[in-house]
Structures are given as structure tokens and as C-alpha cells.
Amino acid sequence: MAGSFRLSSSLSPVQSRDFPKMRFFNPRIQVPNPAPLLKPTKTANTKVVLPGIVRVAASEMPVTAGKPAAMAESGGLQVDLVTEADLKENGFRSTRRTKIVCTIGPRTCEFEEIEALAVGGMNVARVNMCHGTLEWHRDVIRRVRRLNEEKGFAVAVMMDTEGSEIHMDDLNGAESAKAEDGEIWTFTVRTFDPSSCPERTITVNYDGFAEDVKIGDELLVDGGMVRFVVTEKIGPDVICQCTDPGLLLPRANLTFWRNESLVQERNAMLPTISSKDWLDIDFGIAEGVDFIAVSFVKSAEVIKTLKSYITARSPGSKIAVIAKIESIDSLRNLEEIIEASDGAMVARGDLGAQIPIEQVPSVQKRVVQLCRQLNKPVIVASQLLESMIEYPIPTRAEVADVSEAIGQQADALMLSSESAMGQYPEKALAVLRSVSLRIEKWRREEKHLDATNPSVVSSSTPPSISEEICNTASQMANKLKADAIFVYTKTGQTASLLSRNRPDCPIFAFTPTTSIRRCLNLQWGLIPFRLDFSDDVESNLNRTFSLLKARGMINSGGLIIVVSDVLQSIQAIKVP
Ligand SMILES: Nc1ncnc2c1ncn2[C@@H]1O[C@H](COP(=O)(O)OP(=O)(O)OP(=O)(O)O)[C@@H](O)[C@H]1O
Ligand SMILES: CC(=O)C(=O)O
Ligand SMILES: [K+]
Ligand SMILES: [Mg+2]
């Protein structure tokens, strides 16, 4: 991702380019460190365990109906122990509505590390195919799946494609290279043996590079972390002078600008899904990922192509396709791209390298609103807590940025380097969690003071029955101050339509399919449970009440609004 911080953790903080030179260490007001939902305890071998729950190895756990007892499953109701504890201790209202995606990287790829993130509230684990080997990704995906199977979590897996961006080579294995002010560097499409590569020479992965650039163009590395101006062209070599010095990092993204706008020559013809991406996608389908996030989407066509490919390769598959909004072209075709996708990501890193940086906030707002209107989940990504790659607390400005995304009611926030290779992944996650809880509560309180606040989204034309039912159910829940909405959903669609209304109370989504349960975990306000249910609403309800009561997750007297996707009905009912 351009504009982000690609330092390997072995670099010292002074080398970090995108850090303000001065950080105010003193006084550092401590952000309260929010207590985990269930405090994981570190044992001698640093394994994170849930208190009183997973002290036994999975193989030693008593098994009920073929499943370890540690998984909170009784009578077919499947929920993870963190949600269960949260509901028991804090009640419905206080549950977090904004979801969290964590990028898994070298810092968080072991089973115990992934478990710690799940315990800390990770809803979706993202693997970025720009980095790592297929074996590495396979291990991570299988660990997430094992965690879900053993402990009842519904952590979804998102595979993020590499896409064909223009980038530099891998610096022959060096961690970084320093470009000084005024220095002359050569960017070339030639290839060299590592031993014979001339000094200050960087190979570029895009063959048309030397033909496309012109003398006077600006060459931006990682969205402007290092800047050059093109002074001369000699065949395949582009000679550049450094104007903003900094560290060049392996495979850093390159963009070139002319007259203050991004140059799109033949590079605009680069495929959105490269041949390497197709292999990765085949791998993702085989490993059963839940989401495929497509980098540098330019048009709705590519999303449609991928969706039909998935259907052909894996009929009946529930893999959802997320369009990453990070290129100029994606903004030109925004509405039809989002319409064709199953969700979108505001990928602010590369986006900020393709459009003037001051336009990123308004694009974010527009994408979030459009997704809400079109009923597609939306993720706000990149640099949310960038300073926490190195520091245990965020900057005030970062907290304000996170609050803004939560205030916009995006479905999910994403950690990138903070969780992939930062020093404080769990702390970063805890900050997202505590800021979400606080801002969501504050927003609900403010909303009651502001009668003009639009809580209901406009309906589509022609109106659909499910949509009207969900809009009405959400309004009812708000007016009656219901404790929760229960939705029995086979496809997940009704749960999405409820989430889209952003009601004041949480939505318990019961679905018979494990993969739908995981997909729903990305969406705002949904607490997904796996449950087999019949077409008889009455008996489903009675069964759910008794299962939830038996586990202490629900109290008598609470008011529940019940929506059924099969009967298309709404009921208001007190918990017996
Ligand atoms: N699987 C991995 N193996 C090694 N390093 C990784 C891996 N995943 C992420 N990282 C590191 O974490 C950083 C941040 O991850 P992130 O997913 O944001 O990638 P990115 O390179 O910035 O690209 P993108 O634009 O696709 O997000 C990466 O630049 C890389 O240094
Ligand atoms: C997430 C991502 O790809 C970006 O911000 O560029
Ligand atoms: K990517
Ligand atoms: Mg990107």
C-alpha cells in the first residue's frame, strides 16, 4: 500500500520515514488500556488462553457431538466464548457494533497470536497476497479455521489480491536504500544479476515504464514518501534526481505525475487481475476463504468476471467479492463497481497516492454513504493507527480519524501494518475496540437529542418487501427501545438489510450456515450465531430463548423485535 510504512520491524524508529521527527513523549497522557473482553492470560510458554476455558489442549477436551466442549455450542447454537462473556457481563446494548479486520503478517501468524487477536475482537483476518508465500498463507488460513472449529469463533478470512501496480524490485534482498536530496538515480526496465546491478539503480516491474514517462515528470515512491524528478531518458533507463529524500523499501509502489495529476498512459491497460492473481484466487477458492478483496479495481466488469469465475469454479460457494477503492478509475465508475460487488474497501493508502491527498476524506465519506445506500458492507482501511506500529499508544489525531470512520458508521475498520508487523498488534486492536464502544455510545446518546438525525435509509425503487420489513423493524426497535433484534436468516440478506438501518440495539443473526455466519461477521451491529431452525417462528423463538437463557446470555423481560426471512414477518416479544 502506498503511503504506508513498509519498514521491517528490525529498522530502528529513527529510520522510519513517515514519522514526525518530533514525537511528544512527555507528557504522554496514557490512553486507558481497555480490558480485553475475556482477559487472556499468558502462560509460561506465552500461549494465550481464555480463563478457565482452553487450559486443556484441544485433543484432551471432552467432546460433545463430535465437537470440543470449549466451543460454546449447545443444542446447535454456535457462538464464541468472547461474545458469550460479553453478553453475560455487559448486556446487549454495550456490544461493539463496528467490526474489525486485522491484517495477519509475520508478527501475528502463529496460532496463539491469531487466537489473541480473536479474543481481542478481530472479526475478519486479512491475508495480503502482495507478501509471503502460498505456504505461509495456507498455514494462516488453516490456523484461523482451526480456531473457529475448536473455539466457536466466526472469524472470516479475507484474501487481498496483489493486482498489477507499478512497483520497484526487491532491492536484491536489502531492507532499504537511502535516497539523498539531489542524488541521481536510475529507474530502469532492464534486469540485472544481483551482483552486477549498478549503484543507485532500481528495476521497475512494468515494461512500458521508460516509454510512458516524460522528462519533467515527478516520480513518487509510496505516494510521496520519496520523490524524484525525471531529468533524462536513455533507452530503457529513466534518469531521475531526488527532490524529497527518504528510504526506498523493497517493492515500493511507484506513481508518476505530470502537471499535478497522475499519469495514466499504457499503464491504465494493466490487468486488474494479473495471471499471478488468478493463481492466488484459485488458491483462495481451494482454501475456502470468505472474502476476496480485489486491488486496484477499475470497472464493474472485473468484479462480474471474478464472481462468475468463482461460481463456475466452486458452485454454491459463498465467497464474497470486495472492491478495493484505491485508484482514480474506481472513482470514475464508483456506483456501478459497488453495485456489482458484495462490499467495498476504502483503501486509503494507495488512494492517497493516486488522488491529491486532501481529497481522500471526502472520497471516504462518499464511498461509505454509497455502500450504505446500496446495502454493501464497507471497510475503512489504512493508517488508522499508523504510529502504533512503533508506539504503544496512538496519536490524538489517529484517535480522531478512527472516531470519524466510526461516526460515519462504516461497517468495519482495518488494521494493516499495525497488526501485520507492528510492535503492538493487540494494543492497536484494543484501541479500535474501546474507541468504537465509546463513539457508538456517544452517537446513540446524541441521536436522541437530535430528532432530525436520519436513522432510516431511503428505500430502493421499486420497493422490496424485505427492505420495507427491515426498515420498519429497525424503526420499531428504536421507538420501543428494544434490547435486541433477532433475525432468522438463511441467506443473510435480511440480516444485512437490518444492519443497513444501523438500529440502536444489536442484531442477533441466526443462520444455519457456518460460512454465512462468518460473512455476516463483517457487518455493522450483527452478532452472528449458527443455528438450525425450522419454518415455525414460534418454536424457533422458544428454542432460541431457552438456549440463550441456559447460557446466561439473555434475561427475562427484555424486549425483542423478531424478523424472519422465511415468513417475512415482524414480531415484538418480551423474553419469557
Ligand atoms: N504476509 C506477509 N509477509 C510479510 N510481510 C507482510 C505480510 N503481510 C503484510 N506484511 C507487512 O505489513 C505491511 C502492511 O501490510 P499491508 O497489507 O497494508 O500491505 P501493503 O504492502 O501496504 O499493501 P496494500 O496496498 O495491498 O495494503 C506490508 O507492507 C509488509 O511490510
Ligand atoms: C489496503 C490497501 O490496499 C491500501 O490502503 O492501499
Ligand atoms: K494487496
Ligand atoms: Mg493498496
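In this text, all values refer to a predicted model and were calculated from it rather than measured experimentally.

Caption draft 1: Region of interest: the pattern of salt bridges. Applying the stated rule across the entire model yields 28 salt bridges. The partner of E162 in a salt bridge is K276, and the shortest N-O contact between them spans 2.8 Å. Taken together, the residues E162 in the loop between strand 9 (156-160) and strand 10 (177-179) and K276 in helix 5 (residues 275-287) connect sequence positions 114 residues apart. With a relative accessible area of 33%, K276 lands in the partly exposed category. Put simply, R126, D160, K324 and E326 are held in one network by salt bridges that share partners.

Caption draft 2: Molecular detail of the domain arrangement of the protein. Parsing the protein into structural domains produces domain 1 (95-163 + 271-448), domain 2 (171-269) and domain 3 (465-574). A separation of 29 Å is found between the C-alpha centroids of domain 1 and domain 2. Across the contact, 13 residues belong to domain 1 and 10 residues belong to domain 2. Counting the surface domain 1 buries against domain 2, the share from its top three residues, K298, A353 and Q354, is 45%.

Caption draft 3: View of the environment of T108. For T108, the position within the fold is in the loop between strand 7 (99-103) and helix 2 (111-119). Overall, the relative accessible area of 2% leaves T108 in the buried class. Separated by 377 residues in sequence, T108 and I485 have C-alpha atoms that sit 35 Å apart. Among residues more than four places away in sequence, those in contact with T108 are T103, E113, I114, L117, S419, A420 and P425. Here S419 takes part through its backbone oxygen, which lies 2.9 Å from a polar atom of the side chain of T108.

Caption draft 4: Just empty space enclosed by the protein, in detail. The full count for this structure, using the stated rule, is six cavities of 30 Å³ or more. Put simply, the largest cavity is a space of about 380 Å³. Forming the boundary of the largest cavity are 25 residues, of which D80, T83, R96, N123 and N521 lie nearest the centre. If you list the elements that add at least two residues to the lining of the largest cavity, you get helix 1 (81-90), helix 13 (425-449) and strand 26 (526-530).

Caption draft 5: Broad picture of the coordination of the magnesium ion (ligand 4). Only E326 (OE) and D350 (OD) from the protein reach the magnesium ion (ligand 4) as donors, at distances of 2.0 to 2.1 Å. For the pair the magnesium ion (ligand 4) and the potassium ion (ligand 3), the metal-to-metal distance amounts to 5.3 Å. Here E326, found in the loop between strand 20 (320-325) and helix 7 (328-332), pairs with D350, found in helix 9 (residues 348-354); they are 24 residues apart in sequence, far enough to count as distant. Just as E326 is buried, D350 falls in that class too.

Caption draft 6: Main features of the coordination of the potassium ion (ligand 3). Binding of the potassium ion (ligand 3) to the protein goes through N128 (OD1), D160 (OD) and T161 (O), at separations of 2.7 to 2.9 Å. Read in sequence order, the donor residues coordinating the potassium ion (ligand 3) give the pattern N-x31-D-T.

Cut-offs and rules
Residues numbered from 1 in each chain as written. Chains lettered and ligands numbered in written order. Predicted model: local features only at pLDDT ≥ 70, side-chain atom pairs only at ≥ 80, totals over all residues. Heavy atoms only, no water. Salt bridge = Lys/Arg side-chain N within 4 Å of Asp/Glu carboxyl O. Helix = DSSP H or I, 4+ residues; strand = E, 2+ residues; numbered from the N terminus. Buried < 20%, exposed > 50% of the residue type's maximum accessible area, 1.4 Å probe, protein only. Domains from an automatic or database assignment. Contact = heavy atoms within 4.5 Å. Buried area = accessible area lost by both parts, 1.4 Å probe. Polar contact = N/O pair within 3.5 Å; in protein donor to acceptor, adjacent residues only side chain to side chain. 1 Å grid on protein atoms, 1.4 Å probe; cavity = no way out; pocket = protein on both sides within 12 Å on 5 of 7 lines; lining within 4 Å. Points joined across faces, edges and corners; volume = space filled by probe spheres on them. Donors = N, O, S within 2.8 Å, 3.2 Å for Na, K, Ca; no water.

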